[in-house]
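Listed here are the chains, written in short residue letters.
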Amino acid sequence: MEETEKSNANKKCTPKGRSFSGRTNPNDHQLFQYSNPFRFSNQNQYRSYSALLPPPPPIPLQPTATPPLPQNQNFRSKAHLQKPSWKHDNPPRATSSDTQVSLLTVSTAPEDTERRASFSPRGENGRKVMGATQAMVTARRPDSGGIEGPVISLLANHFLVQFDSSQRIFHYDVEISPNPSKEVARMIKRKLVEEKSVELSGALPAFDGRKNLYSPVEFQNDRLELFIGLPIPTSKSLSPSGEIKDALQEKHPQIKLFRINIKLVSKFDGKELNSYLSKEGDDWIPLPQDYLHALDIVLRESPTEKCVPVGRSLYSSSMGGTKEIGGGAVGLRGFFQSLRPTQQGLALNVDFSVTAFHESIGIIPYLQKRVEFLRDLSQRKTRGLTGEERKEVEKALKNIRVFVCHRETVQRYRVHSLTEETTENLWFKDRDGKILRLVNYFKDHYSYDIQFRNLPCLQITSSKPCYLPMELCMICEGQKFLGKLSDDQTARILKMGCQRPRERKAIIDGVMRGAVGPTSGSQEREFKLDVSREMTRLNGRVLEPPKLKLGDGGHVRDLIPSRHDRQWNLLDSHVFEGTRIERWALISFGGTPDQKSNIPRFIIQLSQRCEQLGILLNKNTIMSPQFEPIQVLNNVSLLESKLKKIHRTALNNLQLLMCIMERKHKGYADLKRIAETSIGVVSQCCLYQNLGKLSSQFLANLALKINAKVGGCTVALYDSLPSQIPRLLRPDEPVIFMGADVTHPHPLDDFSPSIAAVVGSMNWPSANKYVSRMRSQTHRQEIIQDLGAMVGEILDDFYQQVSQLPKRIIFFRDGVSETQFYKVLQEELQAIRVACSRFPSYRPPITFAVVQKRHHTRLFPNESNPSSIGNQFSDDNIPPGTVVDAVITHPREFDFYLCSHWGVKGTSRPTHYHVLWDDNHFTSDELQKLVYNLCYTFVRCTKPVSLVPPAYYAHLAAYRGRLYLERSEFTALARSTSALSRAAPPKTAPLPKLSENVKKLMFYC
């Protein structure tokens, strides 16, 4: 698994920015400097993110009885649920009078009020009690950390930040008129420091580029009105092809006057933060955000002056230059930084990062690189665009910022759309109301003959005509590439960011000591900070791998993965539960005659490999392989009729449909949707290129996926979970493991719904088969709106399989950023409780944990400690099973990092597990062992995976739901509707219903 920093355009979840009340004007003047396209100036819009958690609102919640921790001497009896008396397919529903669950009620107290809350009495578990109910407080660490497993010496990319808690910080609100761009605002701030030093009391304040200014000393007055004149350079340069001539031509500086109003908002010191980090205060007191946010801005001040900020990362050509990745994009190296509260104190998390930017070139050469059908545009200047081509060009240019080079201006424009008419046919009214032809206007006013007359113009605004000819526009530099990267572009970005641990560590160390890093300016000294230049040294532990249960000709065989990568093979054994596939068919799309001739050999070898693995795949398909041209995948109705014909031939009793494709095709989405919703059959697709050399490994991987999809399983734990965690788990008290995830549409997609998926285990104690439920929901909505209904349906399925409801629910939630923890907890935990309340007297204890892969903590073997067990190899990743629950984890809350997989490429990224609620009262060792053991039960491979399987399956199911909508008729309708009215909220397209034949199978694997 490649462990690189991916530039993934369809990120599930990005951290929400801290919002500032400030107006922005898209037509603000901005300083522009013509420069080398590969040398980025700081002009990208900068968003400031809060890396820290907001205070949780108090939410009463009914507590649940649970076994006590081992160290507790006052043992209470377990609260067993009585066995249900019903013996039907579905458990009875609770009536309204039966429902005893305490619904969560949210009180929205102001943050300041919560921070200064008075002392409240405590319950027996140490939580703050509000009257007769418990307040919702994120789960606290149950002990001082785990103790199982040998110790490994590690380094983490966290750098300790020591601060003087008595150092006061003065927070000022800044209002600049006329409203400037962020780059110009920073220039104004620099000039303020230079020219108005007396008024600023000689301070060197930190500025976020918008409204917030932080100073270590108080200014001369609480309110200041200052004026700054700023030379705004302009440039006049044009060549007939629309290219910029020299880097910087004759400048004509203009002096522009800005009025700056500065007002003192608040003043605070670091005593509250120091008390929080030292665990002196009450558990329920929230993290002091103001001082922490101020220090975060302070440490970003110097890097932001020298780099291009994108989110919480900063990019600079000084970190290795730029690299063309094709399609009008360049890759740029940079670093991520975030200030975090940890057990060791305040720490700066710094990591290496790579992302794609738009290449700063003319629109015409950009389109030649970006769009395949315009490669020869410069040789065919009379070429026009068809309707479909125009849509694709508009999609490629939408929201890109450009500047014009036919006149002196510093103005930037954002592309809104393309004109319906070509440039040659465009007319407009001038200020006097006179109607002018656009090409004549440019000839008369700028002595320029427009050459690409059959192309449309760029439309800058939707409210009034504002046309810019493409050939006179340049792409502003420093813009993150928002389009979906192609496979080739993604591969090049991954290669740029794929560093082995030693190299990655050296890059991060270089940032901390370098000229653009967080310690490169004077802010550290000004605000009395001491930022360590050394990575944090800490000890982790390596958990032992579990004994696994495989099949061996009907006999159970045990195996302990003993290789350093914890991988095992099935050469001499069977899968734990093999299936019989008697009725299956094969359909081919495209392929050369030679490729098609490989099909009979493929069927025989796949059948033989399945047999070796204990899976029975009939050597004869129910009908001869069907060969169709690849164009069939473009025609949804034709594709559906072909698949239904195969199903009818199988007498509507088809277990598997194997699909071989010439190449990756968008019709894959239609095929999956039709097979799983309209026909009711699981399918397995592969490419002809993989059939040339049929390796045993390829056939085995295919066989494992097929077996899982039709109801089998690859492996089980030899020692069941109840035998490993006897304090909490029992063989006769089933537990359900659930996973949930939400996938959001592509960043440039402003209409498609988000897709939520929930999965749940259906067998106990094996817990290796999962059913899924998927729903579409409001565009970019992170909270799962229909969670209660989905959980209820899964509980129904569980009861049908196990004949009783689960005694415990362990819920893993993927795709949640730290700023959303409390909102997700308060709403989704309530939804689960409500789902349980549908059954009489059913209140199972719930553990709710967030699973995070998109973080920037990296762990490295400590090479200075050669005796450590992680240093058997010179530049290897940390071993599977490495767990860290101290030093770099949250100072109070229950979280840990677990690297459960072996990183083959790049540097391993451990998964961060953060427990938000825990009625089951797991110890650190118990939960870590449980999660690590589950990572060995993933059905698609014979090695531990990096993510706990319930969360992994939820991610796969949500992706499958996205496919269902990708090419549907409703999506096309929504796209056209959205284009007409952006103000209206996009409608949510419902997902097609799954066929009953596949609903309970792991078809999404």
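Thresholds, definitions, all that
Residues numbered from 1 in each chain as written. Predicted model: local features only at pLDDT ≥ 70, side-chain atom pairs only at ≥ 80, totals over all residues. Heavy atoms only, no water. Helix = DSSP H or I, 4+ residues; strand = E, 2+ residues; numbered from the N terminus. Buried < 20%, exposed > 50% of the residue type's maximum accessible area, 1.4 Å probe, protein only. Contact = heavy atoms within 4.5 Å. Areas by Shrake-Rupley, 256 points an atom, 1.4 Å probe, with all protein chains shown as cover. Salt bridge = Lys/Arg side-chain N within 4 Å of Asp/Glu carboxyl O. Pairing = 2+ DSSP bridges. Axes fitted to C-alpha atoms, helices over the stretch in contact; angles between N-to-C directions. Core = buried A, V, L, I, M, F, W, Y, C linked by side-chain atoms within 4.5 Å. Expected span 1.5 Å × (residues − 1). Disulfide = S-S within 2.5 Å. Phe/Tyr/Trp six-rings, centres within 6.5 Å; stacked < 30°, edge-to-face > 60°. Arc of directions from axis to C-beta. Parallel < 35°, antiparallel > 145°, perpendicular 65-115°, else oblique. Left-handed = near helix turned anticlockwise from the far one by under 90°. Nonpolar A, V, L, I, M, F, W, Y, C, P; charged D, E, K, R; others polar.

> Can you tell me about the overall build of the protein chain, naming the residues and giving the values?
A count of helices and strands for the protein chain gives 22 helices and 44 strands. With 1005 residues in all, the protein chain has 58% of them scored as buried. Taking the contacts inside the protein chain whose residues are at least 6 apart along the sequence as the reference set, 77% of them involve residues at least 24 apart. Carbon together with sulfur atoms contributes 48% to the accessible area of the protein chain, which is approximately 41100 Å² in total.

> Go over the pattern of salt bridges, please, and point to the residues and values.
Evaluated as defined, the whole model comprises 53 salt bridges. Ionic pairing is found between glutamate 359 and lysine 369, a salt bridge with its closest N-O pair at 3.0 Å. One end of the pair, glutamate 359, is in the loop between strand S15 (345-358) and helix H5 (363-370); the other, lysine 369, is in helix H5, and ten residues separate them in sequence. Residue classification places glutamate 359 among the buried positions, given a relative accessible area of 5%. With a relative accessible area of 30%, lysine 369 lands in the partly exposed category. Its salt-bridge partner being aspartate 449, residue lysine 443 comes within 3.2 Å of it at the nearest N-O pair. Of the residues examined, lysine 443 reaches a relative accessible area of 40% and is grouped as partly exposed. The class of aspartate 449 is partly exposed, set by a relative accessible area of 39%.

> Can you lay out the sheet that holds strand S21 (residues 456-459) for me, pointing to particular residues and giving the numbers?
A sheet is described by the order of its strands in space; here three strands give the open sequence S18-S21-S22, paired in antiparallel fashion. Lying at the two open borders of the sheet, with one neighbouring strand each, are strand S18 (417-422) and strand S22 (467-468). Helix-sheet contacts for helix H6 (residues 387-397) involve S18 and S21, and the interaxial angle to S18 is about 145 degrees.

> Describe in detail the sheet that holds strand S29 (residues 584-589), supporting the description with residues and values.
Taken in spatial order, the four strands of this open sheet run S31-S29-S32-S33, and their pairing is parallel. Both outer strands of the open sheet, strand S31 (626-628) and strand S33 (682-687), are each paired with one neighbouring strand and no more. Looking at each pair of strands side by side, their axes are set apart by 20 degrees on average, direction ignored. Looking at chain direction, S29 and S31 are connected through three bridges and run parallel. Each bridged residue has a counterpart across the sheet, and for phenylalanine 589 the counterpart in S31 is glutamate 628. Helix H13 (residues 636-649) rests against S29, S31 and strand S32 (656-661) of the sheet, and its axis sits at about 155 degrees to S29.

> So what's going on with the pairing of strand S4 (residues 151-156)? Which residues, and what values?
The buried count for S4 comes to five of six residues, which makes it a mostly enclosed element. Pairing between S4 and strand S40 (residues 859-861): three bridges, direction antiparallel. By the bridge assignment, leucine 154 is partnered in S40 with proline 861.

> How would you sum up the nonpolar core? Please name residues and give values.
Within soluble globular proteins, side chains that are nonpolar generally end up buried alongside one another. Membership of the largest hydrophobic core comes to 92 residues, with the highest contact counts inside it found for Phe602, Phe737, Tyr953 and Tyr1004. Take this core: its biggest share by element is nine residues, from helix H20 (residues 949-966). Setting aside residues no more than four positions away along its own chain, tyrosine 1004 makes contact with Val759, Tyr770, Val771, Ser772, Tyr953, Leu956, Ala957 and Arg960. Residues Leu287, Leu374, Ile460 and Leu529 belong to the second largest nonpolar core, which totals 70 residues.

> Describe helix H15 (residues 696-709), and please don't skip the residues or the numbers.
Counted at 1.5 Å a residue, the expected span for H15 with its 14 residues is 20 Å, and the 20 Å between its end C-alpha atoms agrees. Of all 14 residues that make up H15, ten are buried, and the element is covered over most of its length. Those residues of H15 not exposed but buried are Phe698, Leu699, Ala700, Leu702, Ala703, Leu704, Ile706, Asn707, Ala708 and Lys709. Considering only its buried residues, H15 is in contact with strand S28 (580-581), helix H12 (599-612), S32, helix H14 (667-679) and S33.

> Got a sec to walk through the state of the cysteines? Specific residues and values, please.
With the rule as written, the count across this model stands at zero disulfides. For the unlinked cysteine cysteine 899, the closest cysteine sulfur is that of cysteine 935, found at 9.9 Å.

> Can you tell me about the packing of aromatic side chains, naming the residues and giving the values?
Tallied over the entire structure, the rule returns 19 aromatic pairs. Taking 5.2 Å as the distance between ring centres and 85 degrees as the angle between the ring planes, the aromatic pair formed by phenylalanine 428 and tyrosine 441 counts as edge-to-face. You can see phenylalanine 428 sitting in strand S19 (residues 427-429) and its partner tyrosine 441 sitting in helix H7 (residues 438-446), a full 13 residues away along the chain. With a relative accessible area of 21%, tyrosine 441 lands in the partly exposed category. Judged by centre distance (4.3 Å) and plane angle (25 degrees), the ring pair of phenylalanine 938 and tyrosine 952 falls under stacked. One end of the pair, phenylalanine 938, is in the loop between helix H19 (924-934) and H20; the other, tyrosine 952, is in helix H20, with 14 residues separating them in the sequence.

> I'd like to hear about helix H8 (residues 487-496), residue by residue, with values.
For H8, the set of buried residues is Gln489, Ile493, Leu494 and Met496. Axial view of H8: buried residues confined to an arc of 155 degrees, hence all on one face. Turned more than 90 degrees away from the buried face of H8, the exposed residues are Asp487, Asp488 and Lys495.

> Run through the packing of helix H17 (residues 787-802) against helix H18 (residues 821-836), naming residues and quoting values.
The angle between the axes and the distance between the axes are what describe a pair of packed helices. Two elements in contact, H17 and H18, have axes whose closest approach is 8 Å; the angle formed by their N-to-C orientations is 45 degrees. Considering the angle they form, H17 stands oblique to H18. Note that H17 runs across H18; the crossing there is right-handed. Where H17 abuts H18, its residues Leu787, Gly788, Val791, Gly792 and Leu795 lie against Glu828, Ala831, Ile832, Ala835 and Cys836. Residues of the contact of H17 with H18, tallied by class, amount to seven nonpolar, two polar and one charged.

> I'd like to hear about the environment of valine 393, residue by residue, with values.
Considering the arrangement of structural elements, one finds valine 393 in helix H6. Classification of valine 393 by relative accessible area gives buried; the value is 1%. Apart from the residues within four sequence positions on either side, valine 393 is in contact with Leu367, Phe373, Leu374, Leu385, Leu418 and Met470.

> With reference to specific residues and values, describe the environment of glycine 327.
Along the chain, glycine 327 turns up in the loop between strand S13 (322-326) and strand S14 (329-342). It is 9.1 Å that separates the C-alpha atoms of glycine 327 and histidine 358, two residues lying 31 residues apart in sequence. Beyond its immediate chain neighbours, meaning those up to four positions away, glycine 327 contacts Lys369, Arg370, Phe481 and Gln489.

> Account for the pairing of S13, naming residues and giving values.
Across four bridges, S13 lies against S14 in antiparallel orientation. In the sheet register, threonine 322 faces S14, and the bridge partner there is leucine 332. Hairpin connection, S13 to S14: the antiparallel pair is bridged by two residues, and glycine 327 has positive phi, about 70 degrees.

> Help me get a handle on the packing of helix H2 (residues 182-195) against helix H4 (residues 289-306), residues and values and all.
Orientation of H2 relative to H4, taken along the N-to-C sense of each, is 115 degrees, at an axis distance of 12 Å. For the element pair H2 and H4, the recorded crossing hand is left-handed. In contact with Arg186, Lys189 and Arg190 of H2, H4 contributes Glu301, Thr304 and Glu305. Classifying every residue of the contact of H2 with H4 by side-chain character gives no nonpolar, one polar and five charged.

From the geometry alone we can't say anything about function, so treat these as descriptive.
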